[in-house]
Amino acid sequence: MTDASDGVLHTLFRSEQGGHEQVVLCQDRASGLKAVIAIHSTALGPALGGTRFYPYASEEEAVADALNLSRGMSYKNAMAGLDHGGGKAVIIGDPDTIKSEELLLAYGRCVASLGGRYVTACDVGTYVADMDVVARECQWTTGRSPENGGAGDSSVLTAFGVFQGMRASAQHLWGDPTLRGRKVGVAGVGKVGHHLVEHLLEDGAEVVITDVREASVRRVTDRHPQVTAVADTAALIRVKGLDIYAPCALGGALNDESVPVLTATVVCGAANNQLEHPGVEKDLADRGILYAPDYVVNAGGVIQVADELHGFDFDRCRAKAAKIYDTTLAIFARAKSDGIPPAAAADRIAEQRMSEARGR
């Protein structure tokens, strides 16, 4: 057995990051499907989390990602007040080359075989149209199109929730829940980031953006000429006078290289798993940078897809997502009272809810 596999098994069975209830490997050779479904916890209810379609370098890397992401969903769903545990699935491969109707149908059958223990949705590499296909084989599918009984694009409420987290950060740090006059840097203006920019501009913020896709940058700057674009994330985090940094692309944005040079005093963004490794949250705190935990502020999307299971109502979902403001403030208060970073405070609150649920 390889060292990489040993690492995955260690995470699953022996590390503090483990504790998963179930990990399922799925294969359909006819369509080329190779997938991993990880269920971290069903203490609060059926595990809920998206399906990531990505060309992983190895099967071991895919399993490790599914383990990490599913654990994060347990905490996200707990902090969002949802009656769902945490799960995540990954499909191994380049979606631009191997995604097909047959593959998605085969994946739907894999999810359905779990009998409702895992509810799937969109994630990186999967879209509403994909979930419509998956749903043909699996009733436990969310993130579908309105035409097929779903709620459609969840990025709108994800961005709204991140904006509420920023408002709470401003209230905690500056005594006023507005971004007016604040300089906010948004790294990644794709599905979620461009909606976030709209909220910020409406609230009177000065916005600086970057994205690896030039077309995404142009979409924003053509519509809003007052928005400034910089070459890359390395330039963005060094912008003078930056008040808030919003990582809205891939994970690991906060690391040993970025934190020491970050000019912002608040980090609040939509990306998952922003802390590259344990200890980064303390590095942020030591520098006086307020960190709004990613899985708390980006929960608007999962609030939306969870609501889809009960007959989607946008106004009801928006009201739930607005509560991210109060939740974020409560985390900052807990962090202050316990003398710990906000990320640790959020974990404690989520773990308490899950523990209480197991004891019922």
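All values derive from a computational prediction rather than experimental measurement. (Residues numbered from 1 in each chain as written. Predicted model: local features only at pLDDT ≥ 70, side-chain atom pairs only at ≥ 80, totals over all residues. Heavy atoms only, no water.)

Engineer: Quick one: what's the story with the packing of helix H6 (residues 155–174) against helix H14 (residues 324–338), residue by residue and with numbers?
Structural biologist: The interhelical angle for the contact between H6 and H14, taken along N-to-C directions, is 40°, at an axis separation of 8 Å. On the basis of the axis angle, H6 is oblique to H14. Two packed elements cross with a definite hand, and for H6 against H14 that hand is right-handed. Here Gly161, Gln164, Gly165, Arg167, Ala168, Ser169, Gln171 and His172 of H6 lie close against H14, whose contacting residues are Ile324, Tyr325, Thr328, Leu329 and Phe332. Split into classes, the residues belonging to the contact of H6 with H14 amount to five nonpolar, seven polar and one charged. (Axes fitted to C-alpha atoms, helices over the stretch in contact; angles between N-to-C directions. Helix = DSSP H or I, 4+ residues; strand = E, 2+ residues; numbered from the N terminus. Parallel < 35°, antiparallel > 145°, perpendicular 65-115°, else oblique. Left-handed = near helix turned anticlockwise from the far one by under 90°. Contact = heavy atoms within 4.5 Å. Nonpolar A, V, L, I, M, F, W, Y, C, P; charged D, E, K, R; others polar.)

Engineer: For helix H15 (residues 342–358), give the residues involved together with the corresponding values.
Structural biologist: Helical geometry note: an α-helix holds 3.6 residues per turn, so side chains three or four residues apart project in the same direction. Taking 1.5 Å as the rise per residue, H15 with 17 residues should run 24 Å; its terminal C-alpha atoms sit 24 Å apart, in good agreement. Of the residues making up H15, those classed as buried are Pro342, Ala343, Ala345, Ala346, Ala350, Met354 and Ala357. On its buried side, H15 packs onto strand S2 (33–41), helix H2 (59–79), helix H10 (280–286), strand S12 (290–291), helix H11 (294–297) and H14. (Expected span 1.5 Å × (residues − 1). Buried < 20%, exposed > 50% of the residue type's maximum accessible area, 1.4 Å probe, protein only.)

Engineer: So, the nonpolar core: which residues are in play, and what are the values?
Structural biologist: Of all hydrophobic cores here, the largest spans 44 residues; its most connected members are Met166, Val186, Leu196, Val197, Leu200, Val207 and Ile209. The leading source of residues in this core is H6, at six residues. Among residues more than four places away in sequence, those in contact with Leu196 are Ala159, Val162, Phe163, Met166, Val186, Ala246 and Cys248. (Core = buried A, V, L, I, M, F, W, Y, C linked by side-chain atoms within 4.5 Å.)

Engineer: Account for the sheet that holds S12, naming residues and giving values.
Structural biologist: Spatially, six strands are ordered S9-S8-S7-S10-S11-S12 in an open sheet, and the strand pairing comes out parallel. In the strand order of this sheet, the two ends are held by strand S9 (228–229) and S12, each with one partner. Pairing geometry for strand S11 (residues 266–267) and S12, over two bridges, is parallel. Bridge pairing in S12 places Val266 opposite Leu290. (Pairing = 2+ DSSP bridges.)

Engineer: For the confidence of the model for the chain, give the residues involved together with the corresponding values.
Structural biologist: Interpretation of the predicted coordinates at a detailed level should be avoided for regions scoring low in pLDDT. Per-residue confidence for the chain gives a mean pLDDT of 93, with 96% of residues at or over 70. Every residue in residues 1–5 scores below 50 in pLDDT, and together they form five contacts with partners more than four places removed in sequence or on other chains. (pLDDT = per-residue confidence, 0-100.)

Engineer: Which residues make up the pairing of strand S10 (residues 244–247), and what values go with them?
Structural biologist: Of the two faces of S10, the one lined by Ile244 and Ala246 and the one lined by Tyr245 and Pro247 are each fully buried. Pairing analysis gives four bridges linking strand S7 (residues 183–187) to S10, with the strands arranged parallel. Each bridged residue has a counterpart across the sheet, and for Val186 the counterpart in S10 is Ala246. Inspection of the sheet shows S10 paired to S11 by two bridges, in the parallel sense. Across the sheet, residue Tyr245 finds its bridge partner in S11, namely Val267.

Engineer: Give me the pattern of salt bridges: which residues, what numbers.
Structural biologist: Applying the stated criterion across every chain yields a total of 19 salt bridges. Across the salt bridge formed by Lys34 and Glu59, the nearest N and O atoms sit 3.5 Å from each other. On the criterion of sequence distance, the pair formed by Lys34 in strand S2 and Glu59 in helix H2 is long-range, its members being 25 residues apart. With a relative accessible area of 43%, Glu59 lands in the partly exposed category. Lys320 is the partner of Asp307 in a salt bridge, and the nearest nitrogen-oxygen pair spans 3.7 Å. Of this pair, Asp307 sits in helix H12 (residues 300–308) while Lys320 sits in helix H13 (residues 314–322), and the two are 13 residues apart along the sequence. Judged by its relative accessible area of 37%, Lys320 falls in the partly exposed class. Three or more residues joined by partner-sharing salt bridges are found here, namely Arg52, Asp65, Lys88 and Asp123. (Salt bridge = Lys/Arg side-chain N within 4 Å of Asp/Glu carboxyl O.)

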